[in-house]
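Spelled out from the first residue to the last, the chains are:
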Amino acid sequence: MQTMWPSRFRRRPDLPLDIERLELPDGDFLDVAWMPEIDADICLILHGLEGSLESHYARTLIQAATRSNKRVVFMHFRGCSGAPNRLARRYHSGDTADLRFMLETIRQRYPDKQLHVVGV
């Protein structure tokens, strides 16, 4: 029941997300969704295997982190945002290059903020 209830019956909140496409060094891209700018620490949310912003847990997790006074960014792994990627390369659980790129991007943009990472 704990697994089935949220996916079938929990209402997914409508959130004011800003979608950004980040260009990767290899010519591919990552799609990320940001909650509006606030002066707060950053929370990067990583979806589960084959998940996306449309996964039953995604928006409620974003909402919970925002209520905890975090600036939330949700990162789609390659091929999971609904748009096909440019390269044949796909993500897998052992591939950390795209995550590293995302972490470096956040650090460059927000050097004075703490960074929290949540993975599903």
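Look a little higher up for the structure.
Residues numbered from 1 in each chain as written. Predicted model: local features only at pLDDT ≥ 70, side-chain atom pairs only at ≥ 80, totals over all residues. Heavy atoms only, no water.

Caption draft 1: Seen up close, helix 3 (residues 97–109). The terminal C-alpha atoms of helix 3 lie 19 Å apart, and with 13 residues this matches the ideal 18 Å at 1.5 Å per residue to within 8%. Inspection of helix 3 places D98, M102, T105 and I106 among the buried residues, and these make up the whole buried set. The arc that holds every buried residue of helix 3, seen down its axis, measures 95°, which confines them to one face. Packing partners of the buried residues in helix 3 comprise strand 1 (18–23), strand 2 (29–34), strand 3 (41–46), strand 4 (70–75) and strand 5 (115–119). (Helix = DSSP H or I, 4+ residues; strand = E, 2+ residues; numbered from the N terminus. Expected span 1.5 Å × (residues − 1). Buried < 20%, exposed > 50% of the residue type's maximum accessible area, 1.4 Å probe, protein only. Arc of directions from axis to C-beta. Contact = heavy atoms within 4.5 Å.)

Caption draft 2: Up close: the layout of surface pockets. The calculated volume of the largest pocket comes to roughly 170 Å³. What lines the largest pocket is L46, H47, G48, L49, F77, Y91, H92, S93, D95, T96, L99 and V120. Residues belonging to the lining of the largest pocket are distributed by class as follows: six nonpolar, five polar and one charged. (1 Å grid on protein atoms, 1.4 Å probe; cavity = no way out; pocket = protein on both sides within 12 Å on 5 of 7 lines; lining within 4 Å. Points joined across faces, edges and corners; volume = space filled by probe spheres on them. Nonpolar A, V, L, I, M, F, W, Y, C, P; charged D, E, K, R; others polar.)

Caption draft 3: Representation of the pattern of salt bridges in the model. Evaluation of the coordinates by the stated rule reveals twelve salt bridges. Measuring nitrogen to oxygen at the nearest pair gives 2.8 Å for the salt bridge that ties R78 to D26. Here the residue R78 occupies a position in the loop between strand 4 and helix 3, and D26 occupies one in the loop between strand 1 and strand 2, the gap between them amounting to 52 residues. Owing to a relative accessible area of 35%, D26 belongs among the partly exposed residues under this scheme. (Salt bridge = Lys/Arg side-chain N within 4 Å of Asp/Glu carboxyl O.)

Caption draft 4: Looking closely at the nonpolar core. Counting 16 residues, the largest nonpolar core has V32, W34, L44, V73, M75, M102 and I106 as its most contacted members. Counting residues per element, the ones that place at least two in this core are strand 2, strand 3, strand 4 and helix 3. Setting aside residues up to four positions removed in sequence, V32 forms contacts with D18, I19, E20, L22, V73, F74, M75 and M102. Judged by nonpolar contacts, the second largest core, of 13 residues, contains A33, C43, L53 and Y57. (Core = buried A, V, L, I, M, F, W, Y, C linked by side-chain atoms within 4.5 Å.)

Caption draft 5: Representation of the sheet that holds strand 1 in the model. If you trace the five strands from one edge of the open sheet to the other, you get 1-2-4-3-5, paired in mixed fashion. Either end of the sheet is taken by a strand with one partner, and the two such strands are strand 1 and strand 5. In this sheet, adjacent strand axes meet at a mean angle of 25° when their direction is disregarded. Note: strand 1 against strand 2, six bridges, orientation antiparallel. Pairing of E20 across the sheet is with V32, part of strand 2. (Pairing = 2+ DSSP bridges. Axes fitted to C-alpha atoms, helices over the stretch in contact; angles between N-to-C directions.)

Caption draft 6: Here's a closer look at the packing of aromatic side chains. Tallied over the full model, the rule gives two aromatic pairs. With a centroid separation of 5.9 Å and an interplanar angle of 45°, the aromatic rings of W34 and Y110 are classed as tilted. In this pair, W34 sits in strand 2 while Y110 sits in the loop between helix 3 and strand 5, placing the two residues 76 residues apart along the sequence. Grouping residues by exposure puts W34 and Y110 together as buried. Where F77 meets Y91, the ring centres are 5.0 Å apart and the plane angle is 20°; that geometry is what we call stacked. Remark: Y91 occurs in the loop between strand 4 and helix 3 and F77 occurs in the loop between strand 4 and helix 3; sequence separation between them is 14 residues. Summarising the burial analysis for this pair, F77 and Y91 share the class buried. Here R21 stacks its cationic end above the ring of F29, 3.8 Å away from the centre of that ring. (Phe/Tyr/Trp six-rings, centres within 6.5 Å; stacked < 30°, edge-to-face > 60°. Lys NZ or Arg CZ within 6 Å of the ring centre and 35° of its normal.)

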